[in-house]
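Secondary and tertiary structure notes
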Amino acid sequence: MKIVREKITDLDLEHTFDCGQCFRWNREADGSYTGVAFGRVINIVLKEDKLTIDHTTDEEFDQIWIPYFDLTRDYGKIMGELAAADETMKEAIVYGRGLRILQQDKWETLISFIISQNNNILRIKKCIETLCENFGAYAGEYHGKKYYAMPSFDVLANLTLEDLASCKLGYRANYILETAKLVAADGGRTLESTGAMTTEDALAYLLSLSGVGPKVANCILLFSMGKDESFPIDVWIKRVMNRFYQIEEKDMKKMQDFAVETFGVYGGIAQQYLFYYIRSNPC
DNA sequence: AGCCAGGCCCAAC
DNA sequence: GTTGGGCATGGC
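Thresholds applied
Residues numbered from 1 in each chain as written. Chains lettered and ligands numbered in written order. Predicted model: local features only at pLDDT ≥ 70, side-chain atom pairs only at ≥ 80, totals over all residues. Heavy atoms only, no water. Helix = DSSP H or I, 4+ residues; strand = E, 2+ residues; numbered from the N terminus. Buried < 20%, exposed > 50% of the residue type's maximum accessible area, 1.4 Å probe, protein only. Pairing = 2+ DSSP bridges. Axes fitted to C-alpha atoms, helices over the stretch in contact; angles between N-to-C directions. Phe/Tyr/Trp six-rings, centres within 6.5 Å; stacked < 30°, edge-to-face > 60°. Lys NZ or Arg CZ within 6 Å of the ring centre and 35° of its normal. Near = heavy atom within 4 Å. Polar contact = N/O pair within 3.5 Å; in protein donor to acceptor, adjacent residues only side chain to side chain. Arc of directions from axis to C-beta. Contact = heavy atoms within 4.5 Å. Nonpolar A, V, L, I, M, F, W, Y, C, P; charged D, E, K, R; others polar. Parallel < 35°, antiparallel > 145°, perpendicular 65-115°, else oblique. Salt bridge = Lys/Arg side-chain N within 4 Å of Asp/Glu carboxyl O.

Turning our eyes to something else, we now look at unusual backbone geometry. With a phi angle near 50°, asparagine 118 is a residue other than glycine that sits in the positive phi range. Structurally, asparagine 118 is set in the loop between α5 (106-116) and α6 (121-135). By relative accessible area, asparagine 118 is classed as exposed at 70%. Here histidine 143, not a glycine, exhibits a phi torsion of approximately 50°, which is positive. You can see histidine 143 is positioned in the loop between β6 (138-142) and β7 (145-148).

In this section: the sheet that holds strand β5 (residues 50-54). The sheet built from 5 strands is open, its strands ordered β1-β5-β4-β3-β2 with antiparallel pairing. Two strands close off the open sheet at either side, each with one partner strand: β1 (2-5) and β2 (25-27). Taken over all neighbouring pairs, the strand axes of this sheet differ in orientation by 20° on average, direction set aside. Examined bridge by bridge, strand β3 (residues 33-37) and strand β4 (residues 40-47) share 5 bridges and lie antiparallel to one another. Counterpart to tyrosine 33 in the pairing with β4 is isoleucine 44.

What follows is about the packing of aromatic side chains. The full count for this structure, using the stated rule, is 20 aromatic pairs. Ring plane angle 85° and centroid distance 6.1 Å describe the contact between phenylalanine 38 and tyrosine 68, whose orientation is recorded as edge-to-face. Linking phenylalanine 38 in the loop between β3 and β4 with tyrosine 68 in helix α2 (residues 58-68), this pair joins segments that are 30 residues apart in sequence. Residue phenylalanine 38 is classed as partly exposed on the basis of its relative accessible area of 32%. Each member of the aromatic cluster is reached from another via a ring pair, and the members are Phe17, Trp25, Tyr33, Phe38, Trp65, Tyr68 and Phe69. For arginine 279, the ring lying beneath its charged end belongs to tryptophan 236, and the centroid distance is 5.7 Å.

Let's shift gears to the protein's contact with DNA strand B. What surrounds DNA strand B is a group of 31 residues, the closest being Ile121, Tyr171, Arg239, Gln271 and Gln272. Here, DNA strand B places atoms within 4 Å of the protein, and 63% of those atoms are sugar or phosphate. At a separation of 2.7 Å, a sugar or linking oxygen of DNA strand B approaches a polar side-chain atom of glutamine 117.

As for its position among the elements, serine 116 is in helix α5. Judged by its relative accessible area of 10%, serine 116 is buried.

Along helix α11 (residues 199-207), the positions that sit buried rather than exposed are Ala202, Tyr205 and Leu206. Taken end-on, α11 shows its buried residues confined to a sector of 100°, consistent with a single buried face. Next to the buried residues of α11 lie α9 (172-184), α10 (189-193) and α12 (214-224).

Right, let's get into the protein's contact with DNA strand C. Surveying the vicinity of DNA strand C reveals the residues Asn118, Asn120, Arg123, Lys126, Lys168, Gly170, Tyr171 and Arg172. The separation between a base nitrogen of DNA strand C and a polar side-chain atom of asparagine 118 is 3.0 Å. Taken together, the residues of the surface near DNA strand C sort by class into 1 nonpolar, 3 polar and 4 charged.

Relative orientation of the contacting elements helix α13 (residues 235-245) and helix α15 (residues 267-280) amounts to 85°, with a least axis distance of 9 Å. When the interaxial angle is binned, α13 and α15 end up roughly perpendicular. Contacts between α13 and α15 pair Trp236, Ile237, Val240, Arg243, Phe244 and Tyr245 from the former with Gln271, Leu274, Phe275, Tyr277, Ile278 and Arg279 from the latter.

Another point: the pattern of salt bridges. Where charged atoms of side chains with opposite charge meet at close range, the side chains can pair. A complete count under the given rule lists 11 salt bridges for this structure. Arginine 73 serves as the salt-bridge partner of aspartate 70, at 3.0 Å between the closest nitrogen and oxygen. On the basis of relative accessibility, which here comes to 10%, the residue aspartate 70 falls in the buried class. The residue lysine 106 makes a salt bridge to glutamate 192 at a minimum N-O spacing of 3.7 Å. Residue lysine 106 is found in helix α5, and its partner glutamate 192 is found in helix α10; the two are separated by 86 residues along the sequence. Taking relative accessible area as the criterion, lysine 106 reaches 15% and is therefore assigned buried. For glutamate 192, a relative accessible area of 48% translates into the label partly exposed. It is possible to trace a salt-bridge network through shared partners that takes in Asp70, Arg73 and Asp228.

Put into structure tokens, the structure is as follows:
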């Protein structure tokens, strides 16, 4: 069934899906997007302020898609506050207006960003897609195409490197097996409870997993655990920090401090506008 | 062909 | 505690 909601503001699906925070949404010929999240397949389109989601229900919209798209939060206010911080941020917001930080599934985000390391976005998407098709639960069919969810930690914990070879994950395959075993050891309870932890504790837990360092951990904190102040620093953010804020590319500590001082509790959201801006306008 | 990609691990200082 | 080499794979 199809649901419609009007008066949706400060949302741009292209910016939200293409800013590098998620990997499983694809644009259709008609401009709508189809993707899988939380085990559901939906097709979504926004025309003016009218949001239409196909293949869902009123109940699922309330329980899954409102939190997923972060629709209860006032991004107009957030953008206003960040834009007042400085001129670069202001330009980045003009460019990426409507970008919202999705609240994604923790396990899927964890695996996705382990795969993301030293990798490019196109290939990250292919790796994730293959992993889901080969080992994920069937999530449904939309317009003749079948979709599969991210395989659970129980499934991945029982695979071998040979099983994963077909996914072409490279050296990351072992990280995924090790992390799946660690998460499955307590039935995923620690991972699920991270949202209620302090950011510091959640970060420490993530860093204890295999293939998760500071950058990947901060992405997971921001994109799935509601830790808005988390400021992931990758090669692109280093370039932003160097080009626009005159911080040396190796000085991560100074970048972190700068983010806290300048962007405060919305550091991660600011980071995402900057990432999207610099990637779309490289040098 | 060689460099790069939303970095991390581990050994050597 | 910090630094640097190595790392699978494929797009450009």
